[in-house]
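Single-letter residue listing:
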Number of protein chains: 2
Amino acid sequence: MSSIPVVVLVGTSGTGKTTFLEKLIRELKKRTITVGTVKHHDHDFDIDKPGKDTWRHAQAGADAVVLSSPSKVALIRKVEEELTLDQVTDLIGNVDIILVEGYKRSDKPKIEIHRSAHSAELLSAPEELLALVSDGDWQIGVPLFDLDDACGVATLLVDTFLAVSK
Amino acid sequence: MSSIPVVVLVGTSGTGKTTFLEKLIRELKKRTITVGTVKHHDHDFDIDKPGKDTWRHAQAGADAVVLSSPSKVALIRKVEEELTLDQVTDLIGNVDIILVEGYKRSDKPKIEIHRSAHSAELLSAPEELLALVSDGDWQIGVPLFDLDDACGVATLLVDTFLAVSK
C-alpha cells in the first residue's frame, strides 16, 4: 500500500464533481504537483478502439493488455472482482496526490461537492470531510469553499498533505 | 521484477504477427492459461474516448488516470521516458505468461514470425529464438512451425514454461 495521499470527491449526480475535479487538477498542476485520478464505473466499459492491436489481443481473450509508448503507457486488465481503492491507487505509481471520483463508502478523507438546487442535505458526516464545496452557507466545522473556488481547495490540499515536500 | 515468463514475437511489418498472436492467445486460453500482452507503440496514442470523465481528467493535466469497474480496470499513465519491458510487465500483474509485440531488441526469448514473400532472411539469430514460425523450410536448430500452427506453438510454450504449474 502506498503512502500517497488519497482524497475522495463525493456528491450527488449532477452537482458538477467532474467539472470541479478538472479545475482542481489544473490548480494543482499550476503548482507543479503530479496528480493521479480514479473514476469508479458500475458497469463494464470499453476504452480501447475496435480494430487496434491491443483491442484484438483482448478480443482474443488476453486477460491484460498493455500499450506502451515513449510518452504514455496504458493497461487494461480483466478482474474477477472489483479492485479495492488501495489496489487501484497502487497501480497509479508515483504521483504527489490521488483524487478519486465515486468511492463514496471509502474511509479516505473526502471533499463533498454540494449544490443547494440538487439537495438540501449533505451525503457525508462532518467528521469524514476534509472540505465542503457548496453554494450553501454551511456551519459544520469543516472548511467551506465556493463551487468555483478550486484554487482554495488546491491550497488546502497542499497545506494538508504536500506542504513539507513542495 | 516478476518471474512470469515473457516471450517476444518479432517479425517484419506485414508478416501477420498480430493475427498469429490472436490465434496463440486463443490456443492458450483453451488450456485455461491466463495471458497478458504488450504492444509497443513508437508514437503517442489516444486510447480514451473524448468526453468521458477519465478523458477529461487527463485533458485537465492528470498524470495518471484509472477507470475501475467490477470486471475491468484501465490505467493510462504519462511517462517521462519509455518504460522498460520489465516495468511494463510488472504492471500486468498475475498472469501465467506474457506475450509481447514490438520489443525487437529485448533479451527475452523470441518467436519470429516469418513469411517468405516478405523477406528471404530472418530478423533474429537462432540462439535468440524459442521457435520460428514460417512458410519456409528452415534448418537452424530451432523448432519450426507453420504459419497456421498456433496450436503447436501453444504446446511449446506450455511445455517450456508452464508444464509444472498446469
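In this report, the structure presented in the accompanying data block is examined. (Residues numbered from 1 in each chain as written. Chains lettered and ligands numbered in written order. Predicted model: local features only at pLDDT ≥ 70, side-chain atom pairs only at ≥ 80, totals over all residues. Heavy atoms only, no water.)

### Focus on the interface of chain A and chain B
Next, step 1: With 60 residues of chain A at the contact, the number on the chain B side is 60 residues.
Next, step 2: Summed over both sides, the interface of chain A with chain B buries roughly 5,500 Å², with 54% coming from carbon and sulfur.
Next, step 3: Linking chain A with chain B are 6 salt bridges.
Next, step 4: For Asp 63 of chain A, the salt bridge identified is with Lys 29 of chain B, shortest N-O distance 2.9 Å.
Next, step 5: Where the side of chain A that touches chain B is concerned, the elements lending two or more residues are α1 (17-30), β2 (35-40), α2 (53-60), β3 (64-68), β4 (72-78) and α3 (85-92) of chain A.
Next, step 6: Looking at side-chain class alone, the side of chain A that touches chain B contains 25 nonpolar, 16 polar and 19 charged residues. (Contact = heavy atoms within 4.5 Å. Buried area = accessible area lost by both parts, 1.4 Å probe. Salt bridge = Lys/Arg side-chain N within 4 Å of Asp/Glu carboxyl O. Helix = DSSP H or I, 4+ residues; strand = E, 2+ residues; numbered from the N terminus. Nonpolar A, V, L, I, M, F, W, Y, C, P; charged D, E, K, R; others polar.)

### Some details on the pairing of β3 of chain A
Next, step 1: In terms of burial, β3 of chain A is a largely internal element, 5 of the 5 residues being buried.
Next, step 2: By the alternation rule, side chains of β3 of chain A split into Ala 64, Val 66 and Ser 68 of chain A and Val 65 and Leu 67 of chain A, which are all buried.
Next, step 3: Where β3 of chain A and β4 of chain A come together, 5 bridges link them in antiparallel fashion. Across the sheet, the residue bridging to Ser 68 of chain A is Val 73 of chain A, located in β4 of chain A.
Next, step 4: Linkage of β3 of chain A to β4 of chain A, two consecutive antiparallel strands, is achieved through a turn of 3 residues.
Next, step 5: Strand direction decides the pairing type here: β3 of chain A and strand β2 (residues 35-40) of chain B, joined by 5 bridges, are parallel. From the neighbouring strand, Ala 64 of chain A faces β2 of chain B, where its bridge partner is Gly 36 of chain B. (Buried < 20%, exposed > 50% of the residue type's maximum accessible area, 1.4 Å probe, protein only. Pairing = 2+ DSSP bridges.)

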